[in-house]
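# Summary of structural features
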Amino acid sequence: MTGVPASAAGGSSGARRTAAGAAAAAAEKAPGAVAGQVAAVPPAESATPAAPGGEALVRADAAPAGGDAQGDDKPPRGAKLAAAAVNQASVWNIANLLTMLRLILVPAFVALMLADGGYDPAWRSLAWAAFAIAMITDLFDGHLARTYNLVTDFGKIADPIADKAIMGAALICLSALGDLPWWVTGVILGRELGITLLRFLVIRYGVIPASRGGKLKTLIQGVAVGMYVLALTGWLATLRWWVMAAAVVLTVATGLDYVKQAIVLRRRGIAERKAALEEKEA
């Protein structure tokens, strides 16, 4: 044995421990400075005990900063999907569900109306029930949509389609079975389709509001067609003829009134546009 003192033998390790303690003390006093020094040390020299601590310090400080910046600039993940889901769910409201029910009842009504040759009183009664449900839902879906702010693009398109579909199906079935003259079906359906087309033609100038006569026409039409769907005899069969006659008169009269309103609306819209153009040029 050479008798080397213990202090000399552990001098190098003691120096390293001393340097590590100094680095830790400096890190507590000036974390930023130590972090900068650690970042400047090449990879080969960063194997000292202070280097891992310095790197951990830098990463811990950088991660929250980056997370805060991302949270401020971008919406939370999934926010757009949630908003789209809410908008899509708004289509499934009570008013639109009633409209969908009316659309589903159209083929069901036709099947019941033509079952067993179309002259069985039992099947005709079931067809009348389907027709009555469709007409009743027509009275409520629009009111619910306007009252509770449930108006959607789907409802604007599907509601008039459902109205025309159930009425047209009933009229065509009745004429095909010989219960109703074809000219009556032609007048009613021609008026409905014509007024619908007219509304689209003048929509650039404004909207033709539904009149009281139009609402009364819809009610009388529904009652008349419903009475024809049922297998009535005797004085009820005579009564339904007069009710249908009243429906045809109201159909023609209100159709002419809508044409008049469309003409007035178009002239007014053209005059307003012309006045606005002249004022702009002046």
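Scroll up for the structure.
Attention in this report is confined to the structure presented alongside it. All values reported here derive from a predicted model rather than from experimental measurement. (Residues numbered from 1 in each chain as written. Predicted model: local features only at pLDDT ≥ 70, side-chain atom pairs only at ≥ 80, totals over all residues. Heavy atoms only, no water.)

Compared with an ideal rise of 1.5 Å per residue, which puts 24 residues at 34 Å, helix α8 (residues 153-176) spans 35 Å between its outermost C-alpha atoms and is within 8% of the ideal. Those residues of α8 not exposed but buried are Gly-155, Ala-158, Ala-162, Ile-166, Met-167, Gly-168, Ala-169, Ala-170, Leu-171, Cys-173, Leu-174 and Ser-175. Contacts made by the buried residues of α8 are with α6 (94-113), α7 (121-147), α9 (182-201) and α10 (212-229). Backbone geometry just after α8 places Gly-178 at a positive phi near 85°. (Helix = DSSP H or I, 4+ residues; strand = E, 2+ residues; numbered from the N terminus. Expected span 1.5 Å × (residues − 1). Buried < 20%, exposed > 50% of the residue type's maximum accessible area, 1.4 Å probe, protein only. Contact = heavy atoms within 4.5 Å.)

In this section: the pattern of salt bridges. Counted by the stated rule, this structure contains seven salt bridges. Arg-102 is the salt-bridge partner of Asp-159, the closest N and O atoms lying 2.7 Å from each other. Within this pair, whereas Asp-159 is found in helix α8, its partner Arg-102 is found in helix α6, the two being separated by 57 residues in sequence. Note on Arg-102: relative accessible area 0%, which makes it buried. Ionic pairing is found between Arg-124 and Asp-179, a salt bridge with its closest N-O pair at 2.9 Å. In this pair, Arg-124 sits in helix α7 while Asp-179 sits in the loop between α8 and α9, placing the two residues 55 residues apart along the sequence. Arg-124 sits in the buried class, given a relative accessible area of 4%. Ionic contacts of the salt-bridge type, sharing partners, join the residues Arg-102, Asp-138, Asp-141, Asp-159 and Asp-163 into one network. (Salt bridge = Lys/Arg side-chain N within 4 Å of Asp/Glu carboxyl O.)

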